[in-house]
Amino acid sequence: MTRSIVAQPLTADAFAPFGDILEATGTPDKIINRGFCARFHDRAQLDFGSGGRAGISVFRGAPVAWPVEVALVERHPGGSQAFVSMTGHPFLVVVAPDEDGTPGTPRAFVAAPGQGINFHRGTWHGVLTPLHAPGLFAVVDRIGDTPNLEEHWFDTPFVVEPGEDCASAGLAQASRQGEN
Ligand SMILES: NC(=O)N[C@@H](O)C(=O)O
Ligand code: NI
């Protein structure tokens, strides 16, 4: 038995309880480089805790197909984690509220081209989930010697399907399981 979730386009308001969206929207904070570049300054709450430091890694994730099964969410008690697509493809973002130390019902979003995300420290989230190949991402997170991963396996997995808004926004064109 599974439980279904409908993925929505990623918006700042909906994602605010879980993290930040990295995107060039609104008025730039600074115009730099002799007017040839707009800087959207300091747009994420980075946090690497005590004893950790910031690191940038490159993830090459295998793309998934709709519908996407979510059996696991995790969190990083020691720091934030940012996913920045290096290809500009849409990707799936799954988060969940914390309910006394365990995740509540997850929410799913599809990040549009030009959107990156930063999970706030301790936010329950699905693992990196590309929808298109190559699933190349720059990941900014905590580098440290102490454990920084807590996993939660759901007794009943969730199945994520793209919502109408994702389809109409052209965000859900990934393949479907079982289709060639
Ligand atoms: N474990 C790891 O490096 N990646 C996960 O934290 C993830 O969110 O994908
Ligand atoms: Ni993570």
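About the cut-offs
- Residues numbered from 1 in each chain as written.
- Chains lettered and ligands numbered in written order.
- Predicted model: local features only at pLDDT ≥ 70, side-chain atom pairs only at ≥ 80, totals over all residues.
- Heavy atoms only, no water.
- UniProt positions renumbered as here; feature names shortened; annotations may be inferred.
- Pairing = 2+ DSSP bridges.
- Helix = DSSP H or I, 4+ residues; strand = E, 2+ residues; numbered from the N terminus.
- Phe/Tyr/Trp six-rings, centres within 6.5 Å; stacked < 30°, edge-to-face > 60°.
- Buried < 20%, exposed > 50% of the residue type's maximum accessible area, 1.4 Å probe, protein only.
- Core = buried A, V, L, I, M, F, W, Y, C linked by side-chain atoms within 4.5 Å.
- Contact = heavy atoms within 4.5 Å.
- Near = heavy atom within 4 Å.
- Polar contact = N/O pair within 3.5 Å; in protein donor to acceptor, adjacent residues only side chain to side chain.
- Areas by Shrake-Rupley, 256 points an atom, 1.4 Å probe, with all protein chains shown as cover.
- Nonpolar A, V, L, I, M, F, W, Y, C, P; charged D, E, K, R; others polar.

Going by an unreviewed UniProt entry, the protein carries the name Ureidoglycolate lyase and comes from Halovulum marinum. The Catalytic activity (unreviewed entry) field of the UniProt record for the protein holds the comment "(S)-ureidoglycolate = urea + glyoxylate". Per UniProt, the comment on the protein under Subunit (unreviewed entry) is "Homodimer."

**Concerning the pairing of strand β1 (residues 3-9)**
As paired elements, β1 and strand β16 (residues 150-162) share five bridges and run parallel to each other. Within the sheet, the bridge partner assigned to Arg 3 lies in β16 and is Phe 158. Pairing of β1 with strand β11 (residues 107-111) involves two bridges; the strand directions are parallel. Bridged to Gln 8 within β11 is Phe 109.

**Thoughts on the packing of aromatic side chains**
For the structure shown, the criterion picks out six aromatic pairs. Where Phe 15 meets Phe 119, the ring centres are 6.3 Å apart and the plane angle is 50 degrees; that geometry is what we call tilted. Highlighted residues: Phe 15 in helix α1 (residues 12-15) and Phe 119 in strand β12 (residues 116-119), separated in sequence by 104 residues. Here Phe 15 and Phe 119 have matching classes, each one buried. Note on Phe 91 and Phe 137: the rings are 4.9 Å apart at their centroids and 85 degrees apart in plane angle, and the pair reads as edge-to-face. A residue pair is termed long-range when its members are at least 10 positions apart, and Phe 91 in strand β8 (residues 91-96) and Phe 137 in strand β15 (residues 135-143) qualify at 46 residues. Each member of the pair Phe 91 and Phe 137 is classed as buried. Counting every residue linked through ring pairs, the aromatic cluster contains Phe 15, Phe 18, Phe 83, Phe 109 and Phe 119.

**A look at the nonpolar core**
Of all hydrophobic cores here, the largest spans 20 residues; its most connected members are Ala 7, Trp 66, Val 70, Leu 92, Ala 108, Val 110 and Val 160. When contributions to this core are tallied by element, the ones reaching two or more residues are β1, β6 (68-75), β8, β11 and β16. If we ignore the near neighbours within four places in the chain, the residues touching Leu 92 are Ala 7, Trp 66, Val 68, Ala 108, Phe 109, Val 110, Thr 129, Leu 131 and Val 160. Among the nonpolar cores identified, the runner-up in size contains 16 residues, and Ile 21, Phe 91, Ile 117 and Val 139 belong to it.

**Things to note about the site of ligand 1**
Ligand 1 sits among Phe 59, Glu 74, His 76, Gln 81, Phe 83, His 125, Val 127 and Leu 128. A distance of 2.9 Å is found between an oxygen atom of ligand 1 and a side-chain nitrogen or oxygen belonging to Gln 81. Take Leu 128: an N or O atom from its main chain is 3.0 Å from an oxygen atom of ligand 1. Considering ligand 1 on its own, with 260 Å² of exposed area, one finds that the protein chains cover 73% of that surface. Tallied by class, residues from the shell around ligand 1 come to four nonpolar, three polar and one charged.

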